[in-house]
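# Inside the fold
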Amino acid sequence: MTWQTHTVFNQPNPLSNSNLYLSDTPLQEAVVREQAGWDSALLSAVGLQLGSAESLELGRMANANPPELLRYDAAGRRVDEVRFHPSWHMLMQGLTENRVHNLPWQNNAVSGSFAARAARFLLHSQVEAGTLCPITMTFGAIPLLQKCLPTSMNGWLMGLASNRYDPHSLPAEQKKGLLIGMGMTEKQGGSDVLTNTTQAIALEGQGSGKPYRIVGHKWFFSVPQSDAHLILAQASGGISCFFVPRILPDGTRNAIRIERLKEKLGNRSNASAEVEFQDATGWLLGDEGDGVRLILQMGSATRFDCALGSHGLMRRAFTVAFYHALQRQAFGKSLAEQPLMRQVFAKMALRLEGQTSLLFRLCRSLEMPDVQGERLFGRLMTPAAKFAVCKQGIPFVAEAMEALGGIGYCEESELPRLYREIPVNSIWEGSGNIMCLDVLRVWRKNPHMEEMLSLELADVKGQNVLLDKAWRNLLKRLHNPSEAEARIISDELFNINAAAQLLRFAPTEVAEAWCQQYHSSDGARVIDNRTQDLLLQRAMGLGC
């Protein structure tokens, strides 16, 4: 008798060849609501492409083959080049073709372009997150450079407006497309950039647009292969912002020495470096002493992208886990039919609903800062959203991993890579405490903040007693806020404004479930079966 020892059954098929956009009902609704419905056809096409097995494999390969540093060429010349796997370049080409780095900054940009760009960003983040680092820094840098770059360098603006990806090490005017990186962190300072020691000495007189000699270092120099970086350095007038090209206008390499690439927990497809400036050349942006204010303008966009990126990773983790649960049988029925597991998935779907609603509400503030209240809303809620979404990401992905059991802990699954990737968004562009302290700083600095938020919430007042009570309690804290309460305040700001969005636009059952989950005095509650079904249908585009 021949015994069959390895019949494979009850093992779910991996999730591939799905449409990342059409399967996400809350995202589709948010895109239309924030005036980006004109982009739905492209988003559907991008969602189909990125959800394919081929795109998912590119993401895997880019992380399995991290970048390498080449300091010298064969002749012994110092080159400081970073080499990437071909999968990285293919992913970058897709991002730039879809203008994820510059869509809202185009001369012909239309209403809703911030929401359209955010949706494209979210879709890509579900496939590979490392390539989003150069994209988000370029996105944040463009409006600053449009205001502050010397007129002699206007050719850079044309390159940044391109939808081409060009990885060659050439002067800016010879390239088909350009990307920008950032360098702020130093060994001794971290987030305390006022302690930076890198020095900038004027070469041809002081002032905006003038060249300076840069001497010093950066402990984290993001995307060292970028065409230029924005850095902070000490000038005679204080901390200042400088534009530092990798290749100088005469074709020579700027004196930026890459000491090593960081060996990171995740984000392995992307290069982060330690560098030294050995008489490098940088051009002053704005006035001396104005560097922190200028960089913070860029930071509002990059912080928003950190929240978007975590949300995208959470979305992918949920989708992978629920797709597995629909197929996997246990104790006589699928995991997705088990009451306790279904409760877990419903709460995960609810979290994604609230995040989607508020993140796309923030797109409006980014796009229309001159509309009354929008600049204040964006300035307050961007750090609050970064804190709240990014902090939720780590346990969220861990929950998805647990739903798969042992295979979720194995590298054949996508989830270990997502789990390693997601903490970086809590750290980059300011860690959680920095975000919460920024929330308090903005609140204290602007005497009209309470009035702005009251107007923002006026149309939902009285619709849910739990939300009304939560808002009254938060106002009490905000009348004399302490730093020790900053995390509580930031979380509550996020949860309250997400609830308001859901009360305005989501099905009633979804909005009520959010308020019960996040504003009930006796803690989170069980979601009823009807609302579970609704949440899961909306989250997966499936009849559940």
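Sequence order as written defines residue numbering, which begins from 1 separately in each chain. Selection of residues for local features in this predicted model requires a pLDDT of at least 70, selection of side-chain atom pairs for listing and counting requires 80 or more, and totals for whole chains, interfaces and linings are taken over all residues. Side-chain metrics in this entry use all non-hydrogen atoms of the structure; hydrogen atoms and water are not considered.

- For the chain, an unreviewed UniProt entry supplies the name Isovaleryl-CoA dehydrogenase and the organism Hafnia paralvei.
- UniProt positions are given in the numbering used here, feature names are shortened, and annotations may be inferred rather than shown by experiment. One UniProt comment on the chain, placed under Cofactor (unreviewed entry), says "FAD".
- Recorded in UniProt for the chain, the comment headed Sequence similarities (unreviewed entry) runs: "Belongs to the acyl-CoA dehydrogenase family."

### Regarding empty space enclosed by the protein
- Cavity and pocket criteria rest on a 1 Å grid covering protein atoms alone: a 1.4 Å probe that fits but cannot get out defines a cavity, protein on both sides within 12 Å along at least 5 of 7 lines defines an open pocket, and an atom within 4 Å of a point defines a lining residue. Grid points are joined across faces, edges and corners, and a volume is the space filled by probe spheres set on the points. All told, the structure shown has seven cavities of 30 Å³ or more when counted by the stated rule.
- The computed volume of the largest cavity comes to approximately 100 Å³.
- We count a stretch as a helix when DSSP gives it H or I for four or more residues in a row; a strand needs E for two or more, and each element gets its number in order from the N terminus. Counting only elements with at least two residues in the lining of the largest cavity, the list comes to strand E2 (78-83) and strand E8 (256-261).
- Here the lining of the largest cavity takes three residues from E8, the largest share from any one element.

### Regarding the pairing of strand E1 (residues 68-72)
- Across four bridges, the pairing between E1 and E2 is antiparallel. Among the inter-strand pairings, Leu69 is bridged to a residue of E2, identified as Val82.
- Connecting E1 to the next strand, E2, in antiparallel fashion are five residues, including Gly76 with a positive phi near 90 degrees. Strand pairing is defined by DSSP finding a minimum of two bridges between the two strands.

### So, the side chain of Gln234
- Structurally, Gln234 is set in strand E6 (residues 228-235).
- Each residue is assigned to one of three classes by its accessible area relative to the maximum for its type, calculated with a 1.4 Å probe on protein chains only: buried under 20%, partly exposed between the two thresholds, exposed over 50%. Its relative accessible area of 17% is what places Gln234 among the buried residues.
- A distance of 3.0 Å separates the side chain of Gln234 from the backbone oxygen of Asn196, its partner in a polar contact. The definition of a polar contact used here is a pair of N or O atoms within 3.5 Å, where within protein one atom must be able to donate a hydrogen and the other to accept one, and adjacent residues in sequence count solely through side-chain atom pairs.

### Here's the deal with the side chain of Asn98
- Topologically, Asn98 is positioned in the loop between helix H4 (86-97) and helix H5 (113-125).
- We call two residues in contact when some of their heavy atoms are within 4.5 Å. When residues no more than four places from it in sequence are discounted, the contact partners of Asn98 are Leu42, Val46 and Arg120.

### Some remarks on the UniProt feature "domain: Acyl-CoA oxidase/dehydrogenase middle" (unreviewed entry) in the chain
- As recorded in UniProt, the sites labelled "domain: Acyl-CoA oxidase/dehydrogenase middle" (unreviewed entry) are residues 182-279.
- As annotated, residues 182-279 comprises 0% helix and 49% strand, and the C-alpha atoms at either end are separated by 18 Å.

### A look at the domain arrangement of the chain
- Under the domain assignment used here, the chain contains domain 1 (25-148), domain 2 (174-290) and domain 3 (293-539).
- Between the C-alpha centres of domain 1 and domain 2 there is a distance of 23 Å.
- Tallying the contact residues gives 28 residues for domain 1 and 27 residues for domain 2.
- Accessible area that two parts lose when put together, with a 1.4 Å probe and added across both, is what the buried area reports. Interface area, domain 1 with domain 2, both sides summed: about 2200 Å², of which 64% is carbon and sulfur.
- Scanning the region where domain 1 abuts domain 2 turns up nine residue pairs in polar contact (both at pLDDT 80 or more).
- Taken together, the elements giving at least two residues each to the side of domain 1 that touches domain 2 come down to helix H3 (53-64), E1, E2, H4 and helix H6 (132-148).
- The greatest single-element share of the side of domain 1 that touches domain 2, amounting to eight residues, is contributed by H6.
- Here the nonpolar group is Ala, Val, Leu, Ile, Met, Phe, Trp, Tyr, Cys and Pro; Asp, Glu, Lys and Arg are the charged ones; every other residue, Gly included, is treated as polar. Of the residues belonging to the side of domain 1 that touches domain 2, the class tally is 17 nonpolar, five polar and six charged. Boundaries between domains were set according to an automatic or database domain assignment.

### A short note on the packing of aromatic side chains
- The criterion for an aromatic pair is that two Phe, Tyr or Trp rings (for Trp, the six-membered ring) have centres within 6.5 Å, with stacked assigned to planes under 30 degrees apart, edge-to-face to planes over 60 apart and tilted to the rest. Evaluated as defined, the whole model comprises 11 aromatic pairs.
- Aromatic side chains Tyr212 and Phe242 sit 5.1 Å apart centroid to centroid with 65 degrees between the ring planes, which places their arrangement in the edge-to-face category. With Tyr212 in strand E5 (residues 211-222) and Phe242 in strand E7 (residues 238-245), the pair connects residues that are 30 residues apart, well separated along the chain.
- When its relative accessible area of 1% is taken as the criterion, Tyr212 is described as buried.
- On the basis of relative accessible area, Phe242 is assigned to the buried category, the value being 0%.
- Geometrically, the ring pair formed by Phe221 and Phe277 is edge-to-face, given 5.9 Å between the ring centres and 75 degrees between the ring planes. Within this pair, whereas Phe221 is found in strand E5, its partner Phe277 is found in strand E9 (residues 272-285), the two being separated by 56 residues in sequence.
- Each residue in the set Trp105, Phe114 and Phe139 is aromatic and connected to the rest through ring pairs, giving one cluster.
- Note on geometry: a ring has a charge over it if NZ (lysine) or CZ (arginine) is within 6 Å of the ring centre and within 35 degrees of the ring normal. For Lys262, the ring lying beneath its charged end belongs to Trp219, and the centroid distance is 3.4 Å.
- Here Arg361 stacks its cationic end above the ring of Phe377, 4.2 Å away from the centre of that ring.

### A short note on the UniProt feature "domain: Acyl-CoA dehydrogenase/oxidase C-terminal" (unreviewed entry) in the chain
- Those places that UniProt annotates as "domain: Acyl-CoA dehydrogenase/oxidase C-terminal" (unreviewed entry) correspond, in this numbering, to residues 289-441.
- Regarding residues 289-441, the helix share stands at 77% and the strand share at 3%, and the terminal C-alpha atoms are separated by 20 Å.

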